[in-house]
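Spelled out from the first residue to the last, the chains are:
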Amino acid sequence: MKKNIVLILVDQMRRDCLGVMGHPVVETPTLDMMKRNGSMFRRAYSGVPSCIAARASILTGLKQSNHGRVGYKDGIDWNYKTTIASEFSKAGYQTQSIGKMHVHPERNLCGFHNVILHDGYMHYARNSEKSHSTSYEQCDDYLYWLRSKKGNTADLIDLGLDCNSWVARPWTLEEEYHPTNFCASQTIDFLRRRDPRKPFFLMTSFVRPHSPLDPPEYYFNMYMNQLEDLPDPVIGEWADKNDFKQDGLNIHTKEGIVSKKAIKRALAAYYGHISHIDHQINRILIAFGEYGLMNNTIFLFASDHGDLLGDHNFYRKALPYEGSSGVPFIVYDPANLLKSEQNRVFDNLVELRDIMPTLLDAAGLEIPNDIDGKSMIPVIRGEAENVREYLHGEHSFDKRSNHWIVTEKDKYIWYNSTNEEQYFDLENDFSECYNLIDNPEKRERINYLRNLLINELNGREEGFTDGSKLFKTENVKDFISTKYN
């Protein structure tokens, strides 16, 4: 009998916001249990840590230089011939996506047989000049459903919160109408509607804990009641501690100094979102048990990228630091179908492109030859150790456009618009507080990592390098040409 495969995605969740990662406050009992009855990779990364590019890696198994998305750029068609859903579909699986896709056009199936879509608030889709047939009112199934329940004026902006803001408040409707509950409910309903003769590949993709920071009141208060215990953001010795431009006053800022009270409320809401999702995942697992599916299903839980949450006075994502680029990655195998030792933690470098081959391998299906990702199943089974020496990440991001090389022990960062470099000894400084780029004892190692980056960028159309050194490069594109698209 073929195994059922479930991919559970969340949006903008840091890898350290798990109980099993030692977080001092966040409660994630379901995810902790999934790690106990499975495996966790605590060095997983998003190679281009923002929504669109990350999802391109997840759906195609390609690294960014091959899928072409090296920043945040809406409105570019997704024409990839090979996707994780198309591979499962070809193998006779029923394929279903629920929740966030963030592709173009919005109703692009990307190989799935069916999509129940909720992308959240999308500026591109909310443009009043956009064609009605492709606007949020036509494309977002959650909003259509919400208006059928709460009236045709109900909207995603009713709470007055921005989708990229640190401003927080509790959800005002009944919990059952929250987008997180909607995705869980639709997932459970799929179990009723599926073809019982076929195995299935199901992707449930929650929009939260991405802002708006609006968890149900129970979950908001869960952490508001312990504000003094919430950890302060990490501020490196190299961070800008002045904020002369007062960027912190922008409610959707990417950097600056935000008031401590506001940050604490934001953390309470963010953590509340995570615990809310955790409980809804357990609701899904309960339903799987009721349908008799737990003995033949493998789950993978991951996020598309993290959230800086004020670390080094930065917010949101796109930057190369651990809070932004690091993601959770748990393979949950309740019936031990992989016949491996469970409750293990691995330090192998993992990237989102590895999700596709890992899940195909878990199902016993052939992995396409033309993808870049690597299956983690041999690692889980103890058949392989070093999957890769390093990962290359990047993000076009105006003056903070960046490239980085990360290994199991250190990280080299190059800001291509300014030529600034950073080096962090992750073995001794995982919080990235001390930039050792000028440390003479690290010069040889830094040169080695810089050369790895030069090799990765050699031949790229942006002109980052001539093969021997890096060149300051401004105004880089969010999307580069690629033979796959």
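Parameters and conventions
Residues numbered from 1 in each chain as written. Predicted model: local features only at pLDDT ≥ 70, side-chain atom pairs only at ≥ 80, totals over all residues. Heavy atoms only, no water. Disulfide = S-S within 2.5 Å. Buried < 20%, exposed > 50% of the residue type's maximum accessible area, 1.4 Å probe, protein only. Helix = DSSP H or I, 4+ residues; strand = E, 2+ residues; numbered from the N terminus. Contact = heavy atoms within 4.5 Å. Expected span 1.5 Å × (residues − 1). Salt bridge = Lys/Arg side-chain N within 4 Å of Asp/Glu carboxyl O. Pairing = 2+ DSSP bridges. 1 Å grid on protein atoms, 1.4 Å probe; cavity = no way out; pocket = protein on both sides within 12 Å on 5 of 7 lines; lining within 4 Å. Points joined across faces, edges and corners; volume = space filled by probe spheres on them. Nonpolar A, V, L, I, M, F, W, Y, C, P; charged D, E, K, R; others polar.

S.K.: So what about the state of the cysteines? Which residues, and what values?
M.R.: Enumeration according to the criterion identifies zero disulfides in this entry. Among the cysteines around Cys163, which has no disulfide bond, Cys51 carries the closest sulfur, lying 9.4 Å off. By relative accessible area, Cys163 is classed as buried at 6%.

S.K.: Pulling in residues and values, what's your account of the environment of Leu7?
M.R.: For Leu7, the location among the structural elements is in strand β1 (residues 4–11). Exposure remark for Leu7: the relative accessible area of 0% places this residue in the buried category. C-alpha of Leu7 to C-alpha of Ser97: the two residues are 90 residues apart in sequence and 9.3 Å apart in space. In this structure, Leu7 is in contact with Ile58, Phe201, Leu202, Met203, Thr204, Leu300, Ile355 and Leu359, ignoring residues within four places of it in sequence.

S.K.: Give me the lowdown on helix α13 (residues 443–457), citing residues and values where you can.
M.R.: Relative to the 21 Å expected for 15 residues at 1.5 Å per residue, α13 spans 21 Å between its end C-alpha atoms, a close match to the ideal helical length. Taken together, the buried positions of α13 are occupied by Ile446, Leu449, Leu452, Leu453, Ile454 and Leu457. Against β12 (391–395), β13 (402–406), β14 (410–415) and β15 (420–425) lie the buried residues of α13.

S.K.: Tell me about the pattern of salt bridges, residues and numbers included.
M.R.: Pairs can form between side chains of opposite charge once their charged atoms are near each other. Evaluation of the coordinates by the stated rule reveals 29 salt bridges. For the salt bridge of Lys100 with Asp11, the shortest nitrogen-to-oxygen distance reads 2.5 Å. Taken together, the positions of Lys100 in the loop between β4 (94–99) and β5 (114–117) and Asp11 in strand β1 put the pair 89 residues apart, joining distant regions of the chain. For Lys100, a relative accessible area of 3% corresponds to the buried category. Accessibility expressed as a relative area gives 0% for Asp11, which makes it buried. The structure contains a network of salt bridges with shared partners spanning Asp11, Arg55, Lys100 and Asp304.

S.K.: Go over the pairing of strand β7 (residues 297–303) with me, naming the residues and quoting the values.
M.R.: Sheet faces and side chains relate simply in a regular strand, where the side chains alternate between the two faces. For β7, the buried fraction is high: seven of the seven residues fall into the buried class. Of the two faces of β7, the one holding Thr297, Phe299, Phe301 and Ser303 and the one holding Ile298, Leu300 and Ala302 are both buried throughout. As judged from the seven bridges shared by β1 and β7, these two strands associate in the parallel manner. Opposite Val10, over in β7, you have Ser303 as the bridge partner. The pairing of β7 with strand β9 (residues 329–332) spans four bridges and is antiparallel. In the strand pairing of β9, Phe299 is matched with Tyr332.

S.K.: Account for the layout of surface pockets, naming residues and giving values.
M.R.: By volume, the largest pocket is sized at about 800 Å³. Every residue lining the largest pocket is counted, 50 residues in all, and those nearest its centre are Tyr72, His123, Cys163, Asn164 and Arg316. Looking at the lining of the largest pocket, the elements that each hand over two or more residues are α6 (141–150) and β6 (200–209). For the lining of the largest pocket, the residue count by class is 22 nonpolar, 15 polar and 13 charged. There is about 630 Å³ of room inside the second largest pocket. Listed by contribution, the elements that provide at least two residues to the lining of the second largest pocket are α9 (260–290) and α10 (322–325). Residues that form the lining of the second largest pocket fall into these classes: 13 nonpolar, six polar and 12 charged.

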